[in-house]
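# Chains, contacts and geometry: an overview
What follows is the residue order along each chain.
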Amino acid sequence: MTSTVTGRAARVGGADRVLTPGEVTAFVGEQLGGIDVDGRSVCVLVPDATRTCPLPLLVRAVHQALHGRVSRLTVLIALGTHGAMSAEALRTHLGGPYEDTTVLNHEWWEPSTFAHLGTIPRSRVEELSDGRMSLDVPVLLNRAVVEHDVAIVVGPVLPHEVVGMSGGNKYFFPGVAGQQIIDVSHWLGALITSAEIIGTTELTPVRALINDGAAMIPAETYAFCVVTASHDGVDDDKSSALHSISFGDCISSWASAAEISAATHVTYLDRPVRRVLSLIPRMYDEIWTGAKGFYKVEPVVADGGEVILYAPHITEIATSHPAIHEIGYHCRDYFVKQWDRFDHVHWGVLAHSTHLRGAGTYDAATGVEKLRVDVTLATGIPEEVCRAVNLGYRDPVTIDVAAFEADPDTMVVPRAGEVLFRLR
């Protein structure tokens, strides 16, 4: 096996190949064999079921390399503000159980979960937001990370609507972070807009904010950042192989993986499309996460076009975030120009609203909102619920995927939500 070093990160694989399980296991063992963990406690942060990667393979390799060396091993599920995973779901998700290993959900709903690491000052937030935001941001992090000597992130890097490219330090913030830094980071991304920031491999303002928070973590931090290979439409998040895996500090390993992800997970079109039918995989069980089927295609939809999210299995908008039913889905300016009405709502919820409704304008004098594209749900959510939150409705029974595939005005995206589409 040949690995290369990019900056301070080691990497095996590339955009033009797929790694074998043996190569992945050997690389993980080699890299963990080279860091000081003997007799120390280690917290491993991994994604929940809304991210695609061969997690059982990766966690098994990490456990094999650390078990018997470390004093304590904890696997922490970086839920962000997603719902908790059941014990049964965790066994399937991780491929466990693993000997002498504690598995924890990030209990973001419990105040006792968090340790206070410090504050990102108002002046820094003003700098990163070009003056659009002005506040001190307390940095709260799951105390499981703080109470271990070493923290290792294991997860994929994909185009992301808030930060540009996911992964790396994002597993700390917002993955296992407190509400305020989640709200600030997501609203900062929404102000810049998803269409502008998604897929960016450079240091975005949101990534810079996240890195500032991560710099306060007292534990030593490392990351295995992976890039998944194509699924060919298979609706199974554990079926994926890997193009590459990078290891190092959380910044350099992320940058190494982001370079590969930009080559494998961005598809360029020569012209806009009139309609997109996004086939939402079952790993997204609410619109809160299934909306990625819109984020990743918005840049290629023509003005006045439509995105249909086809997901008969989805029956809820967002069970953990009922405020979305109060505010509905609107463009950024709808909220910015009526800030006194909405500043009390969690900014992460506002951000989600703008990300799914996309670009548009709002005239405060007339109260008229104009949206660039239509968003239609063909899901198990009732029509009256869709209309009430300012989204279109179509009975999923009427969706004939083959007919849409034959329509020259429609682009059908299988397993929508991970590959980003852009215009050349």
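This write-up is about the structure you can find in this document.

Here is what the cut-offs are and how they apply
- Residues numbered from 1 in each chain as written.
- Predicted model: local features only at pLDDT ≥ 70, side-chain atom pairs only at ≥ 80, totals over all residues.
- Heavy atoms only, no water.
- 1 Å grid on protein atoms, 1.4 Å probe; cavity = no way out; pocket = protein on both sides within 12 Å on 5 of 7 lines; lining within 4 Å.
- Points joined across faces, edges and corners; volume = space filled by probe spheres on them.
- Helix = DSSP H or I, 4+ residues; strand = E, 2+ residues; numbered from the N terminus.
- Nonpolar A, V, L, I, M, F, W, Y, C, P; charged D, E, K, R; others polar.
- Pairing = 2+ DSSP bridges.
- Core = buried A, V, L, I, M, F, W, Y, C linked by side-chain atoms within 4.5 Å.
- Buried < 20%, exposed > 50% of the residue type's maximum accessible area, 1.4 Å probe, protein only.
- Contact = heavy atoms within 4.5 Å.
- Expected span 1.5 Å × (residues − 1).
- Arc of directions from axis to C-beta.

### Considering empty space enclosed by the protein
By the definition in use, this model includes three cavities of 30 Å³ or more. There is about 480 Å³ of room inside the largest cavity. What lines the largest cavity is a set of 33 residues, and nearest its centre among them are Arg51, His82, Lys170, Pro174 and His186. Counting only elements with at least two residues in the lining of the largest cavity, the list comes to helix H6 (179-192), helix H10 (287-290), helix H11 (292-295) and helix H15 (347-357). When the residues that make up the lining of the largest cavity are grouped by side-chain class, the tally is 11 nonpolar, 16 polar and six charged. Approximately 50 Å³ is the volume found for the second largest cavity. When the residues that make up the lining of the second largest cavity are grouped by side-chain class, the tally is three nonpolar, four polar and four charged.

### Points about the sheet that holds strand S19 (residues 392-393)
Reading across the sheet, the five strands line up as S19-S18-S15-S14-S20 and stay open at both edges, with parallel pairing between neighbours. Edge positions in the open sheet fall to S19 and strand S20 (410-413), since each of these has one partner strand only. As paired strands, strand S15 (residues 301-311) and strand S18 (residues 374-379) are joined by six bridges and run parallel to one another. Of the residues in S18, the one forming a bridge with Ile308 is Thr376.

### Looking at the nonpolar core
Ranked by size, the top nonpolar core spans 97 residues in total, and within it Val145, Phe172, Phe173 and Leu356 carry the most contacts. The dominant element in this core, judged by the number of residues it contributes, is H6, at eight residues. Not counting residues up to four positions away in its chain, the partners in contact with Phe173 are Leu117, Val139, Leu140, Leu141, Ile181, Ile210, Gly213, Ala214 and Ile217. Of all hydrophobic cores here, the second largest spans 41 residues; its members include Phe27, Ala61, Leu66 and Phe114.

### As for helix H1 (residues 21-32)
Look at H1: 17 Å from first C-alpha to last across 12 residues, which is about the 16 Å you get at 1.5 Å a residue. All of the buried residues along H1 are Glu23, Val24, Phe27, Val28, Gln31 and Leu32. One face of H1 carries all of its buried residues, which in axial projection span an arc of 150°. Elements in contact with the buried residues of H1: strand S2 (9-13), helix H2 (55-66), strand S8 (150-156), strand S11 (220-228) and strand S12 (242-248).

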